[in-house]
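# Tertiary structure, described
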Amino acid sequence: MPRKKKCPECPPAGSPAWMATFCDMSTLLLTFFVLLMSMATIEQVKFTLAMNSLRGALGIMSATGTAIPITRMPLVQIGTARAEQEIEQQLQELQEMLRSGGISDDIRVHQSSDVLHFTISENYLFDSGSAEVKQEAYEVLGIIARILNTVSFNVRIEGHTDNIPIHTVRFPSNWELSFARSLSISQRFATNGVDPSRFQLVGHGEFRPIADNSTPQGRAINRRVEIFVTLRDEIRSSLMPGG
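Quick summary incoming for the structure in this document.

Definitions and limits used
- Residues numbered from 1 in each chain as written.
- Predicted model: local features only at pLDDT ≥ 70, side-chain atom pairs only at ≥ 80, totals over all residues.
- Heavy atoms only, no water.
- Patch = residues over 30% accessible without salt bridge, like charges linked within 9 Å, V, L, I, M, F, W, Y side chains within 5 Å.
- Areas by Shrake-Rupley, 256 points an atom, 1.4 Å probe, with all protein chains shown as cover.
- Salt bridge = Lys/Arg side-chain N within 4 Å of Asp/Glu carboxyl O.
- Helix = DSSP H or I, 4+ residues; strand = E, 2+ residues; numbered from the N terminus.
- Buried < 20%, exposed > 50% of the residue type's maximum accessible area, 1.4 Å probe, protein only.
- Pairing = 2+ DSSP bridges.
- Axes fitted to C-alpha atoms, helices over the stretch in contact; angles between N-to-C directions.
- Expected span 1.5 Å × (residues − 1).
- Contact = heavy atoms within 4.5 Å.
- Phe/Tyr/Trp six-rings, centres within 6.5 Å; stacked < 30°, edge-to-face > 60°.
- Core = buried A, V, L, I, M, F, W, Y, C linked by side-chain atoms within 4.5 Å.

A contiguous nonpolar patch, built from Trp 18, Met 19, Phe 22, Met 25, Leu 29, Phe 32, Phe 33 and Leu 36 and spanning about 800 Å² of accessible area, is present on the exposed surface. Relative to the helices and strands, Met 19 resides in helix H1 (residues 17-38).

Put into structure tokens, the structure is as follows:
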């Protein structure tokens, strides 16, 4: 008589062991991509598409929900390479505007790996003896403000005059005039969304000339506002813990 085959053992109760590992991996991947997205400047449309894609792939998220307001995401988190690319694009836009408007002599831009340096002449920004920004300068200052908003670095604004003394009720000396002009520029930037806590305002008066004050041309060059933006160290310290 043939031997009766032994009944195979029943599988253990509960989910298979591999499923727990798979769920852990899926959760870690989801966390990883959320962290990546939090470290980038996110556009609302792209964010929605990405979340819908994750919802469909993982099947763990509700099909309804409330949109997350991200228009004020901290721009310092966009990363060094992305920041440099955006700055470069905006600088090109600024240079094209300067050339097309015939004002490239009034606004000079110097860019190095560590510093952005804008030099803007008094004639373009202010009337003589005034600290009120001309309306025709608003558009250019708006572009510079967009560059400042690309990442969250400190901005030093320096006002300069020539050596001809000024004595008015509002401006007893060139120091007051130069500082008032740097303040006006910072207020214009703040109007365009730049955080005022980032500004360092300086009024040098006539004491930092870059041309000969004995000639009208030299004095016109010395009457200026300079904007310094330190790039590398600020980006590094913002992105690296303990930087």
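Structure's up, so let's keep going.
Moving on to the pattern of salt bridges. Within the structure shown, the criterion is met by seven salt bridges. In this structure, Asp 127 and Lys 134 form a salt bridge, with 3.7 Å as the shortest nitrogen-oxygen distance. A relative accessible area of 47% places Asp 127 in the partly exposed class. A relative accessible area of 18% means that Lys 134 is categorised as buried. Among the salt bridges present, the one from Arg 223 reaches Asp 162, with a minimum N-O distance of 2.7 Å. Of this pair, Arg 223 sits in the loop between helix H7 (216-222) and strand S5 (224-230) while Asp 162 sits in the loop between strand S3 (155-160) and helix H6 (174-191); the two residues are 61 residues apart in sequence, bridging distant segments of the chain. Overall, Arg 223 belongs to the buried group, its relative accessible area being 18%. A single network of salt bridges, built from pairs that share partners, joins Glu 122, Asp 162, Arg 181 and Arg 223.

Turning our attention to the sheet that holds S3. By definition, the strands of a sheet pair up through backbone hydrogen bonds, in either a parallel or an antiparallel sense. In space, the five strands of this open sheet follow the order S1-S2-S5-S3-S4, with mixed pairing throughout. What marks the edges here is a single partner per strand, and that holds for strand S1 (107-111) and strand S4 (199-205). Neighbouring strand axes in the sheet, compared pairwise and without regard to direction, differ in orientation by 15° on average. Where strand S2 (residues 115-121) meets S5, seven bridges bridge the pair, whose relative direction is antiparallel. Note on S5: the bridge partner recorded for Ser 121 is Arg 224.

For H6, with 18 residues, the first-to-last C-alpha span of 26 Å sits near the 26 Å given by 1.5 Å per residue. Listing the buried residues of H6 in full gives Asn 174, Leu 177, Ser 178, Ala 180, Arg 181, Ser 182, Ser 184, Ile 185, Ser 186 and Phe 189. For H6, the elements touching its buried residues are helix H4 (122-125), helix H5 (138-148), S3, S4 and S5. Following H6 by one or two positions, Gly 193 adopts a phi angle in the positive range, close to 95°.

Our focus in this paragraph is the packing of aromatic side chains. In the structure shown here, the tally under the stated rule is two aromatic pairs. A centroid spacing of 5.3 Å and a plane angle of 45° characterise the contact between Trp 175 and Phe 207, whose relative ring orientation is tilted. Of this pair, Trp 175 sits in helix H6 while Phe 207 is found in the loop between S4 and H7, placing the two residues 32 residues apart along the sequence. A ring pair is formed by Phe 189 and Phe 199, whose centres lie 6.4 Å apart and whose planes are at 35°; its orientation type is tilted. Taken together, the residues Phe 189 in helix H6 and Phe 199 in strand S4 connect sequence positions ten residues apart. Here Phe 189 and Phe 199 have matching classes, each one buried.

Residues Leu 125, Val 140, Leu 141, Ile 144, Ile 185, Phe 189 and Ile 227 are the most contacted members of the largest nonpolar core, which totals 34 residues. Residue assignment for this core shows that the elements contributing at least two residues are helix H3 (80-101), S2, H4, H5, S3, H6 and S5. Those residues in contact with Ile 185 that sit more than four places away from it in its chain are Leu 125, Phe 126, Val 133, Leu 141, Ile 157, Val 225 and Ile 227. Core analysis: the next-biggest nonpolar cluster, separate from the first, contains five residues, Ala 131, Ile 166, Phe 171 and Leu 177 among them.

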